[in-house]
Amino acid sequence: MYPNILRHPGPTPIPKKVELAMAQNMISHRSEEFVKLYRETTEHVKPVFGTKQDILLLPSGGTAALEAAVVNIASPGDEVVVVTVGAFGDYFVSICEKYGLNVHKLQKEWGEACTKEELGDFLKPLSNIKAVFATYNETSTGILNPVGQLGEAVREHSDALFIVDGVSAIGGAPAEMDEWGIDILVTGSQKAMMLPPGLALLAVSDQAWKVIESNDSSAYYLNLLSYREWNEKGMTPNTPAVSLIMGLSAVCDLIDEEGGFSKTVERHEVMKNMVRKSMNALSIGLLTTDEYASPTITAIRTPEGLDLGSFLGHLKKTYHLDFAGGLGPLQGKIFRFGHMGYCFPSDILEAVSLMEAGLQDFSYPFEPGAGVKAAQEVYLSSVRKP
Ligand code: PLP
């Protein structure tokens, strides 16, 4: 009976308007109606990527789009750099290795970001690097890498393409693909894009298209040249996720209703600050510094003296509040508070309040209401901002 309060880093809650859009009658993916839907929607979603390039739609999870980026631009034996600051950077490493690429791995501690200087120093002694891969928002740690600056380092120190996994960022974090010199930007539907899983979005720069054209890729289903060819006709090479594209159209309308994508970004920034200040007020540690903190997910250290599994289980069972645990080496050490997509300051107040209830049940020493008050102060100052 009680709704599950899904504060995960994806899948995330779906707006009613999007659910209703997805419930429309099915249409043929070779019909005029589809071409209209496809053309309008792929145009409408561009501000979320910050690009003038076409947005391609793959009927897949984010991983397939990452794989598409790898297999279309590189061939076995090519030299690439992968910046990894957590579990999803490691994904990129695994995909590149699987395709026989020679991977130079720039590994940072989990919880840290990669800076422009670090990437620059890493690239300086290397030559013939075909591509640099990086994760924009590392979902396992709640770090937002400064990809605009990383793009500068790539251009200053190499002729490589710059390929970015934007899976848990796009739709909630600012993105300026063209200005930041990103050559391929990828995202998935089920995170800040307010959709169910199953649709990947991808954009490619002119420079990357040239590389793709000259690369003898072995990809068939993930062949981006065939996506480009069909995109010209307002369609996709195979049967697309039609209902999800109907939903995506509604997502774009919702972003307009909010006042445009810059307002959506502002809301995510407010929610990030609400979560961070409330944890400070409860003396609960955060994994990352404020400087590189993600606007879509916050990694919170296990409150002192608590068994994390029991605490998260209790929050879910008793208060229907569903947080995500830590991954890999951070399992048991952190939990992840998702605040992306269809999530609002009121949801943060609710989650912090219920979390405080759970902390009281576990006799955690704190002043009841301190976290909510701190979150509320951030919200009030954003509302009252001149
Ligand atoms: N990259 C990032 C940053 C992610 O957060 C995820 C999923 O959580 C992925 C890639 C993989 O996406 P998917 O699970 O849709 O294949």
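Up top is the structure these notes are about.
Because the structure is a prediction, the values reported are computed rather than measured.

A.B. asks: Residues and numbers for the overall build of the protein, please.
C.D. replies: Counting its secondary structure elements, the protein contains 14 helices and 13 strands. In terms of overall size, the protein behaves like a compact globule, its C-alpha atoms giving a radius of gyration of 21 Å where 386 residues would be expected to give roughly 21 Å. Viewed in the frame of its principal axes, the protein has a C-alpha envelope of about 65 × 55 × 40 Å. Here the protein holds 386 residues, and 59% of them are scored as buried. Within the protein, contacts between residues at least 6 apart in sequence are counted, and of these 72% link residues at least 24 apart. Of note, the protein has its 32 positive side-chain charges centred 3 Å away from the centre of its 47 negative side-chain charges.

A.B. asks: Could you give an account of unusual backbone geometry, naming the residues involved and the relevant values?
C.D. replies: With an omega of -5°, the peptide bond running from Gly10 to Pro11 counts as cis. Secondary-structure assignment places Pro11 in the loop between strand 1 (5–7) and helix 1 (16–22). Positive phi, normally seen in glycine, also occurs at Asn128, with a value near 55°. With respect to the secondary-structure elements, Asn128 resides in the loop between helix 6 (116–123) and strand 5 (129–135). Located in the positive-phi region is Met194, a residue other than glycine, with phi close to 65°.

A.B. asks: A description of the sheet that holds strand 5 should follow, citing residues and the corresponding values.
C.D. replies: One open sheet holds the seven strands; their spatial order is 2-10-9-8-5-3-4, and the pairing between them is mixed. At either end of the open sheet lies a strand with only one pairing partner, and these are strand 2 (55–58) and strand 4 (102–107). Averaged over all pairs of adjacent strands, the angle between their axes in this sheet comes to 20°, without regard to strand direction. For strand 8 (residues 161–165) and strand 9 (residues 184–188), the ladder comprises three bridges, and the chain directions are parallel. Within the sheet, the bridge partner assigned to Ile163 lies in strand 9 and is Ile184. Running over the sheet, helix 6 touches strand 3 (79–84), strand 4 and strand 5 and is turned about 145° from strand 4. The strands that helix 9 (residues 224–232) touches are strand 2 and strand 10 (200–204); relative to strand 2, the one it contacts most, it runs at about 115°.

A.B. asks: Give a detailed account of the sheet that holds strand 12 (residues 321–325), specifying residues and quantitative values.
C.D. replies: Taken together, the four strands give an open sheet; going across it, the order is 1-12-13-11, and neighbouring strands pair in mixed fashion. In the strand order of this sheet, the two ends are held by strand 1 and strand 11 (297–301), each with one partner. For this sheet the average axis-to-axis angle between neighbouring strands, irrespective of direction, equals 35°. Two elements, strand 11 and strand 13 (residues 334–338), share five bridges in a ladder whose sense is antiparallel.

A.B. asks: Tell me about the packing of helix 11 (residues 261–281) against helix 13 (residues 345–361), and please be specific about residues and values.
C.D. replies: For any two helices packed against each other, the geometry comes down to the angle between their axes and how far apart the axes lie. Helix 13 packs onto helix 11 with a crossing angle of 20° between their chain directions and a minimal axis gap of 9 Å. For the element pair helix 11 / helix 13, the angle class is roughly parallel. For helix 11 against helix 13, the interelement crossing comes out right-handed. Contacts between helix 11 and helix 13 involve Arg267, Val270, Met271, Met274, Val275, Ser278 and Met279 from the former and Pro345, Ile348, Leu349, Val352 and Met355 from the latter. Tallied by class, the residues present in the contact of helix 11 with helix 13 amount to 10 nonpolar, one polar and one charged.

A.B. asks: Report on the site of the ligand, specifying residues and quantitative values.
C.D. replies: Surrounding the ligand, one finds 13 residues, the nearest of these being Gly62, Thr63, Thr139, Asp165 and Lys191. Measuring from a nitrogen atom of the ligand, one finds a side-chain N or O atom of Asp165 at 2.6 Å. Lys191 is positioned such that a nitrogen or oxygen atom in its side chain is 2.8 Å from an oxygen atom of the ligand. Calculation on the ligand without its partners gives an accessible area of 390 Å², and the protein chains cover 85% of this total. Those elements giving two or more residues to the shell around the ligand turn out to be helix 4 (62–73) and helix 5 (87–98). It is helix 4 that provides the largest number of residues to the shell around the ligand, a total of three residues. Looking at side-chain class alone, the shell around the ligand contains four nonpolar, seven polar and two charged residues.

A.B. asks: An account of the pairing of strand 4 is needed here, citing residue identities and associated values.
C.D. replies: Two elements, strand 3 and strand 4, share six bridges in a ladder whose sense is parallel. Directly across from Glu79, in strand 4, lies its bridge partner Asn102. Taken together, strand 3, helix 5 and strand 4 constitute a β-α-β crossover, and its handedness is right-handed.

A.B. asks: Lay out the environment of Gln360 in plain terms, naming residues and giving numbers.
C.D. replies: Topologically, Gln360 is positioned in helix 13. In sequence terms Gln360 and Lys17 are 343 residues apart; their C-alpha atoms lie 37 Å from each other. The residues touching Gln360, leaving out its near neighbours within four places in the chain, are Phe366 and Pro368.

Reading the values: rules and limits
- Residues numbered from 1 in each chain as written.
- Predicted model: local features only at pLDDT ≥ 70, side-chain atom pairs only at ≥ 80, totals over all residues.
- Heavy atoms only, no water.
- Helix = DSSP H or I, 4+ residues; strand = E, 2+ residues; numbered from the N terminus.
- Rg over C-alpha atoms; globule rule 2.2 N^0.38 Å.
- Buried < 20%, exposed > 50% of the residue type's maximum accessible area, 1.4 Å probe, protein only.
- Contact = heavy atoms within 4.5 Å.
- Lys, Arg positive; Asp, Glu negative; His and termini not counted.
- Charge placed at Lys NZ, Arg CZ, Asp CG, Glu CD.
- Pairing = 2+ DSSP bridges.
- Axes fitted to C-alpha atoms, helices over the stretch in contact; angles between N-to-C directions.
- Parallel < 35°, antiparallel > 145°, perpendicular 65-115°, else oblique.
- Left-handed = near helix turned anticlockwise from the far one by under 90°.
- Nonpolar A, V, L, I, M, F, W, Y, C, P; charged D, E, K, R; others polar.
- Near = heavy atom within 4 Å.
- Polar contact = N/O pair within 3.5 Å; in protein donor to acceptor, adjacent residues only side chain to side chain.
- Areas by Shrake-Rupley, 256 points an atom, 1.4 Å probe, with all protein chains shown as cover.
- Right-handed = clockwise from strand over helix to strand, strands pointing away.

Honestly, that's just the spatial picture; any functional story needs more than this.
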